[in-house]
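Remarks on the overall topology
In case you want the letters, here they are:
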Amino acid sequence: MARRRDARVAPSQYRRSERVEKPTQEFKVDGSGFDRKLIAIFVFLFVVIPSVSVLVYKINTARPTNRSEVLVPRRGLIKTDINYQEILSENSKLTENASHRHYNYPVLAYITPWNSRGYEMAKRFTSKFTHLSPVWYDLKSQGSSLLLEGRHNADKQWLSEIKMNGDALVLPRVVLEASPMELLRKKKQRDKAIELMVTECKEMQYDGIVLESWSRWAAYGILNDPDKRNMALNFVKQLGHALHSVNSTRNREQKLQLIYVIGPPRSERLQQHDFGPEDLQSLDDAVDGFSLMTYDFSNPHNPGPNAPTQWIHFTLQSLLGPPGKTAWSLARKIFLGINFYGNDFTLSGGSGGGPIIGRDYISLLEKHKPAFQWEKNSGEHFFLYSDDNHINHAVFYPTSMSIHLRLEEARSWGTGISIWEIGQGLDNFFDLL
């Protein structure tokens, strides 16, 4: 029987993928790109707060764009000048279409066992997705052997309903927590790890797996050594080929798939531990897709947008190169990350703030009735408020407009998208998919 699911937000180490240590050179920020009206509002509201300046920034990799001004009239909230009443009103309505797809490239949706709403959204909007990845498994070292832990999370009833609802493939995520050097150096360990994952797919009738290992390998210094990096890449290739040798139980003409999780660069120049274009090309034949985590640009120590559009463009260009035949051939395997969660940052006092999901966001709108601001350099809305303890906050949470811009960026490259995670967003976000 599957473990009982609740709707709480998971601890940060489970909420999203592990973050690599801070790079030596981060994207620089300053105030030249910030809207003057917005500065005036900050000064007026928080004149005594020295930390206001952390929200004033410009990304050096910016490209000229007017896309934030382009509006699509078919859905009312795809605009820059929104207000809280409109969001509350839209949130109370039933979605216009639960099955018709507006985004025609692949869509990968993550579901977490600690947020039951994600399971419900996956059932309700199955036709919107091509791939579903429940976050269920960890591959761990157990003495000198290996253990694939997580089957207790698997909900067979949910799996059955998903298969009845549509054609979305189910590829549970597996985090590779096993000791990296033991795994990569010893053929017996590598073969055992792959056997465990392939066997689980067969027994549970999955369509493949989503593998996450790069951030852990980076943390252990594996990727800084050319020989060790090559061993790591070869392991991923070996796993991909093993999965491709097995037919899916749902469709005997289709092989099991491998999607590999990769992080974005955290600096303007790729670091040794970053996943780069050479790695992408090396794994191209063995991997069916790459889940690119283009979110978490900011944090409580450096408040700001979740995923600036200019940074997203820079990330794609760093991986794919300039537009052309080679870029297009590789782009089809990218699942560009889009966050359905947000952040509530404290600007003075408090603990620095942290992540919020849809219900938290709606509660803030109902209580504080905030005025929204549009930051065109990042392509994100945010608002400010003061809590009951007179601590000032800045909230960055997705809106229809910000999601629309990211879908257009992905569409312009011909990439798919990956959503972390579908239980954390508002219902009207699914109208865009």
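Just above, that's the structure.
Let me sum up the structure you'll find in this document. Everything quoted here is computed from the prediction, not taken from an experiment. Throughout, a residue's number is its position along its own chain's written sequence, starting from 1. Reporting of local features is limited, given that this is a predicted model, to residues whose pLDDT is at least 70; pairs of side-chain atoms are given and counted only at 80 or more, and all residues count toward the totals for whole chains, interfaces and linings. Excluding hydrogens and water, the side-chain values take into account all heavy atoms of the structure.

Before going further, it helps to examine the overall build of the protein chain. Helices and strands together make up the secondary structure of the protein chain, namely 14 helices and 15 strands. Counting the 433 residues in the protein chain, one finds 56% classified as buried. Residue contacts are defined here by distance: any two heavy atoms, one from each residue, within 4.5 Å place the two residues in contact. For the protein chain, the proportion of contacts with a sequence separation of at least 24, taken over those separated by at least 6, is 77%. Residue-level accessible areas treat just the shown protein chains as cover; the underlying method is Shrake-Rupley with a 1.4 Å probe. When the accessible surface of the protein chain is summed, it comes to about 18,600 Å², and 49% of that surface belongs to carbon and sulfur atoms. Secondary structure elements follow DSSP: runs of H or I of four or more residues count as helices, runs of E of two or more count as strands, with numbering from the N terminus. Throughout this description, buried means an accessible area under 20% of the type-specific maximum (1.4 Å probe, protein chains only), exposed means over 50%, and partly exposed covers the range between.

We now examine the pattern of salt bridges. Criterion for a salt bridge: a side-chain nitrogen of Lys or Arg within 4 Å of a carboxyl oxygen of Asp or Glu. Counted according to the given criterion, the structure contains 18 salt bridges. Across the salt bridge formed by glutamate 161 and lysine 123, the nearest N and O atoms sit 3.3 Å from each other. With a gap of 38 residues between them, glutamate 161 in helix 5 (residues 156-165) and lysine 123 in helix 4 (residues 116-124) connect regions that are remote in the sequence. Among the charged side chains, a salt-bridge network with shared partners connects Arg117, Arg124 and Asp427.

On to the pairing of strand 1 (residues 107-111). Counting buried residues in strand 1 gives five out of five residues, a clear majority hidden from the surface. Residues Val107, Ala109 and Ile111 point to one face of strand 1 and Leu108 and Tyr110 to the other, with burial holding for every one of them. Between any two strands, pairing holds if DSSP finds at least two bridges. The sheet contact formed by strand 1 and strand 15 (residues 416-420) spans three bridges and is parallel. Note on strand 15: the bridge partner recorded for alanine 109 is isoleucine 419. Bridge count between strand 1 and strand 2 (residues 131-142): four bridges; the pairing is parallel. The residue of strand 2 that forms the bridge with leucine 108 is histidine 131.

Once that is clear, we can look at the packing of helix 11 (residues 309-320) against helix 14 (residues 400-413). Where helix 11 meets helix 14, the closest approach of the two axes is 11 Å, and the angle between their N-to-C directions is 20 degrees. Relative to helix 14, helix 11 is oriented roughly parallel. With respect to the hand of their crossing, helix 11 and helix 14 are arranged in right-handed fashion. Residues Thr309, Ile312, His313, Leu316, Gln317 and Leu320 of helix 11 form the contact with helix 14, whose own contacting residues are Leu405, Arg406, Glu409 and Trp413. Polar here means any residue other than Ala, Val, Leu, Ile, Met, Phe, Trp, Tyr, Cys and Pro, which are nonpolar, and Asp, Glu, Lys and Arg, which are charged; Gly is therefore polar. Counted by class, the contact of helix 11 with helix 14 contains five nonpolar, three polar and two charged residues. Between N-to-C directions, angles span 0 to 180 degrees; the directions come from axes that are lines fitted to C-alpha atoms, helices contributing only their stretch in contact. By the definition adopted for this analysis, an angle is roughly parallel if under 35 degrees, roughly antiparallel if over 145, roughly perpendicular if from 65 to 115, and oblique otherwise. Handedness of a crossing follows from how the near helix is turned relative to the far one, being left-handed for an anticlockwise turn of less than a right angle and right-handed for a clockwise one.

This brings us to helix 4. Considered for burial, the residues of helix 4 that qualify are Gly118, Tyr119, Met121 and Ala122. What you see down the axis of helix 4 is that its buried residues fit within an arc of 165 degrees, all on one side. Each element contacted by the buried residues of helix 4 is listed here: strand 1, strand 2 and helix 5. By arc we mean the arc of the directions from the helix axis to the C-beta atoms, nothing more.

Any pair of aromatic rings gets described here by the distance separating the centres and the angle formed by the planes. Ring pairs shown here join Phe, Tyr and Trp side chains whose ring centres sit within 6.5 Å, with only the six-membered ring taken for Trp; geometry is labelled stacked below 30 degrees between planes, edge-to-face above 60, and tilted in between. In the structure shown here, the tally under the stated rule is 24 aromatic pairs. Between tryptophan 136 and tyrosine 206, the ring centres sit 6.3 Å apart and the planes meet at 45 degrees, which makes this aromatic pair tilted. Highlighted residues: tryptophan 136 in strand 2 and tyrosine 206 in the loop between helix 7 (187-204) and strand 6 (208-212), separated in sequence by 70 residues. Overall, the relative accessible area of 2% leaves tyrosine 206 in the buried class. One aromatic cluster is present, built from ring pairs that chain together Phe125, Phe129, Phe340, Tyr361, Phe372, Phe383, Tyr385, Tyr397, Phe429 and Phe430.

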